[in-house]
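Notes for the structure review
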Amino acid sequence: MSFEALAITWFVLEGVLLTGYALLDGFDLGVGILHPFVPRTDLERRISMNSIGPLWDGNEVWLVTFGGALFAAFPEAYASVFSGFYTAFMLLLGVAVGNAMIGVPLDEAGNFTGSVLDQLGPYPLLVGVMTVSLFAMHGGLFLYLKTEGDFQQRLRDWMWRSWGFFMVTFMLTTIATVAFIPRATENFRRFPWAIVVVVGTILAVANVPRCLYRDKPGLAFLSSGGVIAGLVALFGLALYPNLVTATGDPSRSVTIFNAASSPKTLGIMLIIAAVGMPFVLTYSGVIYWTFRGKVKLGEQSY
Amino acid sequence: MDVVLLSRIQFAVSIGFHYIFPLLTIGLGVVLVWLEAGFLRTRDPIYEAAARFWTKVFALNFAIGVATGIVMEFQFGTNWATYSRFVGDVFGSALAAEGIFAFFLESGFLAILVFGWDRVGPKMHFFATLMVSLGSIFSSVWIVVANSWQQTPAGHHVVPVLRDGVPLLKDGVPVMRAEITDFWAMVFNPSTVHRLVHVWLGAFLVGAFFVMSIAAWYLLKGRHTEFARRSFDGGLALAAVSAIAMFVSGHGQAGSVYRHQPAKLAAFEGHYRTGPADLHLFGFPDDAAQTVRYGVAVPGGLGLLLHADASKPVVGLDRFRPEDRPPVGISFQSYHVMVGLGTLFVGLTLFAAFLRWRGTLYQTRWLLWCFVPAVILPIVGNELGWVAAEVGRQPWIVHPKVTWTADGSDLVVGPAGRVVYDEREGLRTLDAASPNVTAGQVLGSLVGFGLIYLALGAVWVFILDRKIRHGPDEIRKEPGAGPEGALGTAGLRAAHAGRLTGGDGAQG
């Protein structure tokens, strides 16, 4: 494979890892966000915690692997992002995502030259709030699938609420992106096929209330997974080929080509991923299958 | 304080705290595999009760290990951006392999290990336990590979960073980075195998002493005695074998350190002047006087160990420019306390094994009392081993190669009889930190981590104490037929009423 093809492949694979994390840990985080609001009794709180109990740890690994792969495939970006967003990173992941979208001041070696306040602007915060509401919806749907009776009925309201909240922030974010970040929409002119992702994401957003209305929570959960995957894909499309965008001089931006490791390393990592990921997917499937169905509290539960 | 020093402190604090948990996980993982294999072989329910108990403790350690480990992974980028740029191409692939081969494996199957007792059969459960244990061992492989490459780099070349085909300049100087040329040479760099064996043995010692500590406490309190005896026996066997193997491993490693990082070994031994070298049992190195004060030493002992000849000269710190020498005091003391503890483990475990053979171990209460707090010692030993390895590598974060003369008796030196390192091949820690992060930011996060880790440590001790007070569950007459469903809590209470192993019945 050529260097360009390898760099693009790893850009896509990073997207896959980020999607895996957002999809899977998204519902863990969502259950956590809803935890103070929905469960009323101790039993309900235990059910809520045990719905994600066996799974959250494995789900976190997608983020860990995303970070490890970023370090390996795009060390320049890894170094710029994490040292540049030092404080923000220690505070909130969503804000870091928003910053990567809107761009940050970089010097000629790719080091961040702004201050912390530059990182807490309205756009990054909006993306942060949208992410929280999306995860709340995703987690609510997951919890709905894992519970029964009165507890489950109460979750219905929360699913509608979080969907509504997500809709509002999603539209605001879209408007803000189109209005203030011209670069984000450029790639859609370059790659007309990318409009499919936009339409698909909007359909997935619309399908969540449709499935809820028709009492098909499983499909609604899949749709909200589709929303997450779609948003990660849109994020990647808007970013490409940049990983960190420089606000002043665009030539200072950290791109997947100037941040990448050597072709040798990218190739070695591709072999590692090709050997390892089929195993990961297989046994993750087996483990999820083992814990299918409604939450049952047993001796080993929290 | 400057940003590099603060970043060093933050790294030391966060890894020092994190390191406790992988050690416990690797050590206890081996214990769990042994217990579940015992259950599969004999179907003796005491093995299952023991495995269930240690699983709960294992899960607690594992969770804290994961939470603190995520911090480690991102800290390379946050605090050591220049380092990350320099090593990313080499170090990154090991880290990515760790994620894909190790972390997914251990974290995924952990679900079945901890929560799957009533959902899968004993064979599948054993398989899951085996995978978790293997995963934890794999994760140590890749991180030790990455760290060993920093000590003894191999399988790479240092080349300019290209941006769109043009060398990237900073202040007019090309920015350099290490790129991989031979993956397996990188993985099996000269120190990987020695250091990996050393780390595993250290982890086994921690796991074994951890089990013995809790078991000894039960034996002294007369609770769960059958469970405690079997646990203690298993722990003692693992500890005694590991302690003896540790000496062989340590000796091999010292030879390797001398060949590849002679300044480090000289600092370990406070060996200032090239010539015949003593082996210190203890002492206080004095940099100003270039000597070890109040020391007790075996004359020529170091030469004897390295060359099998006490009179043969050993390269000392005088072969290195002052700015190329590691801090001698910290290196010397951490190394010596570690070796001292290793010697103590051999003595303690062999004495206990002798009493066990005589059949009087469980009546020797003072010795059991020694084992209760003794778990601290192998943890301290491991931490000091890490300190010695990392401080001894200074001032380098990536250590450049040294060259020996043809007959291997001395280093190739430059003017004034001192080694001239190829600066391009290595990276100094002072140059490795993030250029754009301020001391205030690091101080803020350091205080934050300090507080969070103190809280996390307190929670760990609190939950651990509750689990230990609660103890293992009653021995089941029908293995695998656990209480299930929403009636679980009621079933649990009923089961406790019929507990066979005694105890105070405090519920966890």
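Counting of residues starts from 1 at the beginning of each chain's written sequence and follows it residue by residue. Each chain is given a letter, starting from A, and each ligand a number, starting from 1, according to the order in which they appear as written. The predicted nature of this model means local features are confined to residues of pLDDT at least 70 and side-chain atom pairs, given and counted, to a pLDDT of 80 or more, with totals for whole chains, interfaces and linings taken over all residues. To get the side-chain values, all heavy atoms of the structure are used, and hydrogens and water are removed first.

**Focus: the packing of helix α1 (residues 3-42) of chain B against helix α4 (residues 122-151) of chain B**
Residues and elements named next belong to chain B. Angles run from 0 to 180 degrees between N-to-C directions of axes, and those axes are lines fitted to C-alpha atoms, restricted for helices to the stretch in contact. Helix numbering and strand numbering both begin at the N terminus, where a helix is a DSSP run of H or I of at least 4 residues and a strand a DSSP run of E of at least 2. In the contact formed by α1 and α4, the axes pass within 9 Å of each other and the chain directions differ by 155°. If you check the angle between α1 and α4, you find them roughly antiparallel. In this structure, the crossing between α1 and α4 has a hand that is left-handed. For the pair α1 and α4, the contacting residues are Thr25, Ile26, Gly29, Val30, Leu32, Val33, Glu36, Ala37, Phe39 and Leu40 in the first and Pro122, Lys123, His125, Phe126, Thr129, Leu130, Ser133, Ser136, Ile137 and Ser140 in the second. In the scheme used here, Gly and all other residues not listed as nonpolar or charged are polar, with Ala, Val, Leu, Ile, Met, Phe, Trp, Tyr, Cys and Pro taken as nonpolar and Asp, Glu, Lys and Arg as charged. Of the residues belonging to the contact of α1 with α4, the class tally is 11 nonpolar, 7 polar and 2 charged. When an angle is under 35 degrees it counts as roughly parallel; over 145 it counts as roughly antiparallel; between 65 and 115 it counts as roughly perpendicular; any other value is oblique. Definitions for this section: a left-handed crossing has its near helix turned counterclockwise from the far helix by less than a right angle. A right-handed crossing has that turn clockwise. Throughout, a contact is declared for two residues whenever any of their heavy atoms are within 4.5 Å.

**Some words on empty space enclosed by the protein**
All names here are of chain B. Site definitions follow a grid-based scheme: protein atoms alone, a 1 Å grid, a 1.4 Å probe that fits but cannot get out for cavities, and for pockets an open set with protein on both sides within 12 Å along at least five of seven lines, plus lining residues having an atom within 4 Å of a point. Grid points are joined across faces, edges and corners, and a volume is the space filled by probe spheres set on the points. Here the structure, examined in full by the defined rule, presents 1 cavity of 30 Å³ or more. If you add up the space inside the largest cavity, you get close to 40 Å³. Around the largest cavity, the lining residues are Leu35, Ile46, Tyr47, Ala50, Phe227, Arg230 and Ser231. Of the residues assigned to the lining of the largest cavity, the class counts are 5 nonpolar, 1 polar and 1 charged.

**What about the interface of chain B and chain A?**
Accessible area lost upon the coming together of the parts serves often as the stated size of an interface. Taken together, the 72 residues of chain B in the interface contact 64 residues of chain A. For the pair chain B and chain A, the summed buried area comes to about 5,800 Å², and 64% of that belongs to carbon and sulfur atoms. Put simply, buried area is how much 1.4 Å-probe accessible surface two parts lose in total, over both of them, once they are put together. On the chain B side of the contact with chain A, Arg85, Phe104 and Phe115 of chain B bury the most area, a combined 14% of that side's loss. Here a salt bridge means any side-chain nitrogen of Lys or Arg lying within 4 Å of a carboxyl oxygen belonging to Asp or Glu. At the junction of chain B and chain A, the tally comes to 0 salt bridges. Nitrogen and oxygen atoms within 3.5 Å of one another constitute a polar contact, given that in protein one can donate a hydrogen and the other can accept it, and given that sequence-neighbouring residues count only through two side-chain atoms. For the interface between chain B and chain A, the tally reads 6 residue pairs in polar contact (both at pLDDT 80 or more). At the level of secondary structure, the elements contributing two or more residues to the side of chain B that touches chain A comprise α2 (45-79), α3 (81-115), β2 (162-163), β4 (169-170), β6 (176-180), α13 (439-470) and α14 (488-497) of chain B. Take the side of chain B that touches chain A: its biggest share by element is 26 residues, from α3 of chain B.

**What about the packing of helix α1 (residues 3-34) of chain A against helix α3 (residues 56-73) of chain A?**
Residues and elements named next belong to chain A. Between α1 and α3, the shortest axis-to-axis distance is 8 Å and the interhelical angle comes to 155°. Between α1 and α3, the interaxial angle falls into the category roughly antiparallel. Relative to α3, α1 is oriented so that their crossing is left-handed. Only Trp56, Asn59, Glu60, Trp62, Leu63, Thr65, Phe66, Ala69, Leu70 and Ala73 of α3 make contact with α1, whose side of the interface consists of Trp10, Glu14, Leu17, Leu18, Gly20, Tyr21, Leu24, Asp25, Phe27 and Asp28. Its residues assigned to classes, the contact of α1 with α3 comprises 13 nonpolar, 3 polar and 4 charged.

**Structural notes on the confidence of the model for chain B**
Residues and elements named next belong to chain B. You can read pLDDT as the predictor saying how much it trusts each residue, on a scale of 0 to 100. Taken residue by residue, chain B gives an average pLDDT of 83. The fraction at 70 or more is 93%. Counted against residues more than four places away or in other chains, residues 477-508, with its pLDDT under 50, gives 48 contacts. As a predicted assembly, this complex carries a pTM of 0.81 together with an ipTM value of 0.75.

**Considerations on the environment of isoleucine 64 of chain B**
All names here are of chain B. By secondary structure assignment, the location of isoleucine 64 is in helix α2. Three exposure classes are used, based on accessible area relative to the maximum for each residue type with a 1.4 Å probe and protein chains only: buried under 20%, partly exposed in between, and exposed over 50%. Exposure remark for isoleucine 64: the relative accessible area of 7% places this residue in the buried category. A sequence separation of 349 residues divides isoleucine 64 from valine 413, and the C-alpha atoms of the two residues are 47 Å apart.

**A few points about α3 of chain A**
Helix length check: α3 of chain A (18 residues) gives 26 Å between terminal C-alpha atoms against 26 Å at 1.5 Å per residue, within 8%. When you tally the buried positions in α3 of chain A, you get 17 out of 18 residues, the bulk of the element. Here a helix's expected span is defined as the number of its residues, less one, multiplied by 1.5 Å.

**As for the packing of aromatic side chains**
Aromatic pairs are defined between Phe, Tyr and Trp rings, using the six-membered ring for Trp, whenever the two ring centres lie within 6.5 Å; interplanar angles under 30 degrees are classed as stacked, those over 60 as edge-to-face, and all others as tilted. With the rule as written, the count across this model stands at 43 aromatic pairs over all chains. Aromatic side chains tryptophan 217 of chain B and tyrosine 218 of chain B sit 5.9 Å apart centroid to centroid with 50° between the ring planes, which places their arrangement in the tilted category. Among the aromatic residues, those joined into a cluster by ring pairs are Phe71 of chain A together with Phe11, Phe76, Tyr83 and Phe91 of chain B. The side chain of arginine 161 of chain A reaches across the aromatic face of tryptophan 158 of chain A, ending 4.6 Å from its centre. By definition here, charges over rings are those cases where NZ of Lys or CZ of Arg is within 6 Å of the ring centre and within 35 degrees of the ring normal. Here arginine 230 of chain B stacks its cationic end above the ring of tyrosine 47 of chain B, 5.5 Å away from the centre of that ring.

**A closer look at the pattern of salt bridges**
Residue and element names in this part refer to chain B. Taken as a whole and judged by the stated rule, the model has 16 salt bridges over all chains. The residue aspartate 410 makes a salt bridge to arginine 319 at a minimum N-O spacing of 2.7 Å. Of this pair, aspartate 410 sits in the loop between β9 (396-398) and β10 (427-428) while arginine 319 sits in the loop between α9 (301-307) and α10 (328-358), placing them 91 residues apart in sequence. By relative accessible area, which is 19% here, aspartate 410 ends up buried. Given the relative accessible area of 19%, arginine 319 is considered buried. Here arginine 321 and glutamate 323 are joined by a salt bridge, their closest N and O atoms 3.6 Å apart. Judged by its relative accessible area of 44%, glutamate 323 is partly exposed. Taken together, the shared-partner salt bridges in this structure form one network comprising Arg321, Glu323, Asp324, Glu423 and Arg428.

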